[in-house]
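Chain by chain, the residues:
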Amino acid sequence: MSKQKTAYPVRTALVASALTLAVAGSFGAAPASARTINIMETGSSLLYPLFNIWVPAYTHSHPNVRINTQSTGSGTGISEAVSGIAQIGASDAYMSNTQIRQNPNILNIPLAISAQTVNYNIPGLNDLHLKLSGPVLAGIYDNQIQYWNAPAIQHLNPGVPLPHHRITPIHRTDGSGDTFIFTQYLSFSTPYWNSHVAYGTTVSWPAVPGSLGALGNPGMVQSVAQTPYSIAYIGVSFANEVKDAHLGTARLENRAGHFMLPTKATIMAAAARLGSKTPADERISLIFAPGAHSYPIINYEYAIVSDHQKDAEMGTAVRELLTWTINRHEGNAERYLRQVHFVALPARISALSRKQIAKIR
Amino acid sequence: MKLRPFRIALVLITSLIPLALIAILVFLGQYSWSAITFNGWHFLYGHIWNLGNLYADPIMQRGQLAPIGANYGILVFIVGTLLTSAIALLLAVPISIGVAVFLAEGLGSNLRTILSFVVELLAAVPSVVYGLWGYAVLTPLIAHSIGPDLRSTLGFLPFFAGPIGSGYGLLAASLVLALMVVPIIAATVRDALSQVPLETKEAAYALGATHFEVVRRAMLPTVRGNIIGACILGLGRALGETMAVLMVSGGALNYFPGNIYSPISTMASFIVSQLDSAMQDPTGMAVRSLAEIALILFIIAVITNIIARLLTGTSRNVSSV
Amino acid sequence: MSPPFKPSRMARRKWLSGAGWAFAAGSFLLVAAPLLSILYTVFRKGLSALSLNLFTHVTNGISGGLLNAITGTLVLVSGALLFAAPVGILAGIYLSEFGRSRYGQVVRFLDDVLTGVPSIVLGYFSYVTLVIGLGWQFSVLAGSITLAIMVVPYIARFTEIAFLQVPNSLREAGYALGLHERTVITRIALPLALPGIMTGVLLAIAIALGETAPLIYTAGWSNFLWNGRLIHEPIGYLTYVIWSFINQPFSSAHALAFAAAFIVILMVLVINVGLTILVKRTRPRRPGQR
């Protein structure tokens, strides 16, 4: 009967594919070692590229550890570290007091220092490094400053032929650590912004006609490149993409009133200034650091980890991995960090991180 | 009374579908309940979405623990969802019927199989890839050619006039959605057209109709029920699509679109983009409000389905000889 | 009496018919052009990563191959079909044969509404209930069930439509011969409805292969090949590579993302071709069909 005729080839196809899968699976399955540890890392998309560079190097020297990484966002990283689905959550934002109260067993451990650039696209002016300040940026994103040649901007850049054209501010549509540190810069430097919008991985952006939301850092780069007279904030690990797209990079005003470009020196200057102020639980913002040479938008990249893992073996494995990442000759070495334009932890901070790592059981 | 095990088995297995939906509904309802009481009706007509200050201690407001300054309103997203789905369907339905007619009646059988793959491949493209292509190819196209062309031809209507912006916006999102919906409708209509009995076609030819008239007057009316059913499926896909829309819609927050080129946000894309941030709210109010958005989207889907059925009479009137 | 045949009216009808065909052909081009553009973009940007390596190595950090993702996608989609195809086809049969009742209408309505649930909502629902609630953690089972819920409405409705196309006269002939209800359905109607069912299943496969959001919260991600465990073990899938690697500042990652996109589309094409040939070879021909 016709049903049997159709069933037969379907059945063979199913069996054949099942066999193929089984064979393929057996090729790749690692030799079952009783000590194979599976570590799941999830969270911040800013730390993700760096973690992905670390993984092959680490597993090369520690073949019994299998690490899976995911880029899901800081909020998910914290949430999954808390619920135990992931052993390491990555976050660009430290946990709030309320979150710590709810989860007293969670540690926030900085692994590296990242930064952020403010980029713009003004035809003809992308090679100059326009000077911008926190209050000016707040005004742009708040619809108070609408044209590039507004007095506030011209005042900071005397002699520059700014065009009379509306500014298109671009923000991130997805919740992100980049938004968190950018809005912290605006909040710390501009009281008005602090009381009306404040900071977070998502904020209630004031309505600016024509403003855009972009997805992810690549989306930000793309949007700015495609939209003349726009401005956006982009993570420093995308410096190469920014350069390829010929976007302008702004000099940002720091707390001392100087306008700095994001270089390794300026980032380290800011880190050094606030390093001594970092408390033992390492929850501190590095934004708008004091110091004449400090770059104002830098932050710690945190590993969010529970201090009690499911068993002693996992505890040891997580401790070893984290210790490796902050080691100046291993994870925190130039050869990894420079690929994402991050900066190594200062000695005092890595000592504090080591103390926290020791708490993991 | 005769026990019909076959029929009983069918009913039981079929019930898994409404069961899944009810499970999701119950989950959403129960999960978002505290948000519903916190937000009240303001949720539906407010246009500001504010997570509040997540780093200060939360306080009791309106009977629930929530961050200071938390205020959720989703009118902007409701408008975005309805506009994108409406425009997408408006574009997709005629085009899909055209494609189906072309495939079913306009080609010989070999060419038909090959070209049908083209349409089916449209369904194969992952929504993330639609988003990527959207912002790499489509949005510049809108900014430089499609937008200006539309404005010069239809610019007398205020909806098509005004600044074109960067290409990210309602038009881009609707176009991408239309492309995703076309394969669903086209495949159904093409299949249905190829099943129309020969007698119907021969009768029309005998009356002196041209080939196209046969299609238009004798075949399409008989598959009207199928077309409507497919459109409803397409509407569902348009309402629920997240990634592709997210990447080309421009992410409007707290303002309404002024014309067809304006950035917008849809409810589904908003949930995806905000889920991670919402998870940082220690009170959980933000995630529950997102669940409330999902609940409202569900209700909108129900309402649009009811309207679609009412507007078209019955839901499935396929002729079978 | 004026002649019934007016040359001017004939000319107008011919013109309208020509315009109609032009519209039909034009629609096709309007739809084929973006597809070709997508394929071209994906191919060009993924070219640097396209090599045999993709099929022999697993993903390693930001580069490597895609073997784990490819096998993972196949496992997840097969799992989804394992749940969705029987439920969908049987539901479609119920709706077409017995679905005129009140209950049938309710089921049909809810089935349509199910397509409107955003994939992220399904993903979060499964995250809370299966991954955390039942303690499955990231798992194949959670991912497959979520995908199955997503695609079952399409299979059910396409099956229903296919069965409704089968002429009643054939069913009546079967009953007249004294055949059982289930025999009439499975032996007479089902083979004729198979092409329509196939369209639904192919559409479901295409949609399932292209989904990201629900899987991120249910299947997680794994850099390693699936070890056969249904729960407590994450798994890789191609759309994750597309979504996450495109956001990284490394060109090797980008190329891998586009290569993954290319493979997904290729997979659907291969499955489409395969199943279409399978069905064409086995379905009986009806009089009057081409």
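Residues numbered from 1 in each chain as written. Chains lettered and ligands numbered in written order. Predicted model: local features only at pLDDT ≥ 70, side-chain atom pairs only at ≥ 80, totals over all residues. Heavy atoms only, no water.

**Topic: the domain arrangement of chain B**
Residues and elements named next belong to chain B.
Argument step 1. We note that the domain assignment places domain 1 (1-31) and domain 2 (75-320) within chain B.
Argument step 2. The straight-line distance from the C-alpha centre of domain 1 to that of domain 2 is 29 Å.
Argument step 3. The partner domain 2 presents six residues to the five residues of domain 1 that form the contact.
Argument step 4. Between domain 1 and domain 2 lies a buried interface of about 590 Å² when both sides are counted; carbon and sulfur atoms form 80% of it.
Argument step 5. Together, Leu25, Leu28 and Tyr31 form the three largest contributors to the area buried by domain 1 at its contact with domain 2, with a combined 84%.
Argument step 6. For the pair domain 1 and domain 2, the number of links is zero salt bridges.
Argument step 7. Taken together, the connections running from domain 1 to domain 2 amount to one residue pair in polar contact (both at pLDDT 80 or more).
Argument step 8. The residue inventory of the side of domain 1 that touches domain 2, partitioned by class, reads four nonpolar, one polar and no charged. (Domains from an automatic or database assignment. Contact = heavy atoms within 4.5 Å. Buried area = accessible area lost by both parts, 1.4 Å probe. Salt bridge = Lys/Arg side-chain N within 4 Å of Asp/Glu carboxyl O. Polar contact = N/O pair within 3.5 Å; in protein donor to acceptor, adjacent residues only side chain to side chain. Nonpolar A, V, L, I, M, F, W, Y, C, P; charged D, E, K, R; others polar.)

**Concerning helix 3 (residues 102-115) of chain C**
Argument step 1. For helix 3 of chain C, built from 14 residues, the straight-helix expectation of 20 Å at 1.5 Å per residue is met to within 8% by its first-to-last C-alpha distance of 21 Å.
Argument step 2. Along helix 3 of chain C, 10 of the 14 residues are buried, which leaves the element largely enclosed by surrounding structure.
Argument step 3. Of the residues making up helix 3 of chain C, those classed as buried are Gly104(C), Val107(C), Arg108(C), Phe109(C), Leu110(C), Asp111(C), Asp112(C), Val113(C), Leu114(C) and Thr115(C).
Argument step 4. As for helix 3 of chain C, its buried residues are in contact with helix 1 (5-14), helix 2 (16-39), helix 10 (224-240) and helix 13 (285-311) of chain B together with helix 2 (67-98) and helix 5 (140-165) of chain C. (Helix = DSSP H or I, 4+ residues; strand = E, 2+ residues; numbered from the N terminus. Expected span 1.5 Å × (residues − 1). Buried < 20%, exposed > 50% of the residue type's maximum accessible area, 1.4 Å probe, protein only.)

**Some thoughts on the interface of chain A and chain B**
Argument step 1. The interface is formed by 41 residues belonging to chain A together with 30 residues belonging to chain B.
Argument step 2. For the pair chain A and chain B, the summed buried surface comes to about 2900 Å²; carbon and sulfur atoms form 51% of the total.
Argument step 3. Our count for the contact surface shared by chain A and chain B stands at one salt bridge.
Argument step 4. Asp57(B) is the partner of Arg101(A) in a salt bridge, and the nearest nitrogen-oxygen pair spans 3.2 Å.

**Thoughts on helix 3 (residues 74-83) of chain A**
All names here are of chain A.
Argument step 1. The element helix 3 is extensively covered by neighbouring structure, given that seven of its 10 residues are classed as buried.
Argument step 2. Listing the buried residues of helix 3 in full gives Ser74, Gly75, Thr76, Gly77, Ile78, Glu80 and Ala81.
Argument step 3. Looking one or two residues beyond helix 3, the residue adopting positive phi is Gly84, at roughly 90°.

**Here we look at the sheet that holds strand 5 (residues 131-132) of chain A**
Residue and element names in this part refer to chain A.
Argument step 1. Read from one edge to the other, the open sheet built from three strands follows the order 5-10-11, with strand pairing classed as mixed. Of all strands in the sheet, those bounded by a partner on one side alone are strand 5 and strand 11 (259-260).
Argument step 2. Here two bridges tie strand 10 (residues 251-253) to strand 11, and the two strands are oriented antiparallel to one another. Each residue of the ladder has a partner; that of Glu253, found in strand 11, is Phe259. (Pairing = 2+ DSSP bridges.)

**Looking at the domain arrangement of chain A**
How large an interface is tends to be reported as the accessible area lost when its parts come together.
Residues and elements named next belong to chain A.
Argument step 1. Annotation of chain A at the domain level lists domain 1 (38-114 + 296-357) and domain 2 (115-264).
Argument step 2. A C-alpha centroid distance of 29 Å is found between domain 1 and domain 2.
Argument step 3. Taking both sides of the interface into account, the surface hidden between domain 1 and domain 2 amounts to around 1500 Å²; carbon and sulfur atoms contribute 68%.
Argument step 4. Taken as a group, Pro296, Ile297 and His341 account for 42% of the area that domain 1 buries against domain 2, more than any other trio of residues on that side.
Argument step 5. Between the two partners, domain 1 and domain 2, sit one salt bridge.
Argument step 6. One can count four residue pairs in polar contact (both at pLDDT 80 or more) joining domain 1 with domain 2.
Argument step 7. Listed by contribution, the elements that provide at least two residues to the side of domain 1 that touches domain 2 are strand 12 (298-306) and helix 13 (334-340).
Argument step 8. Classifying every residue of the side of domain 1 that touches domain 2 by side-chain character gives nine nonpolar, five polar and two charged.

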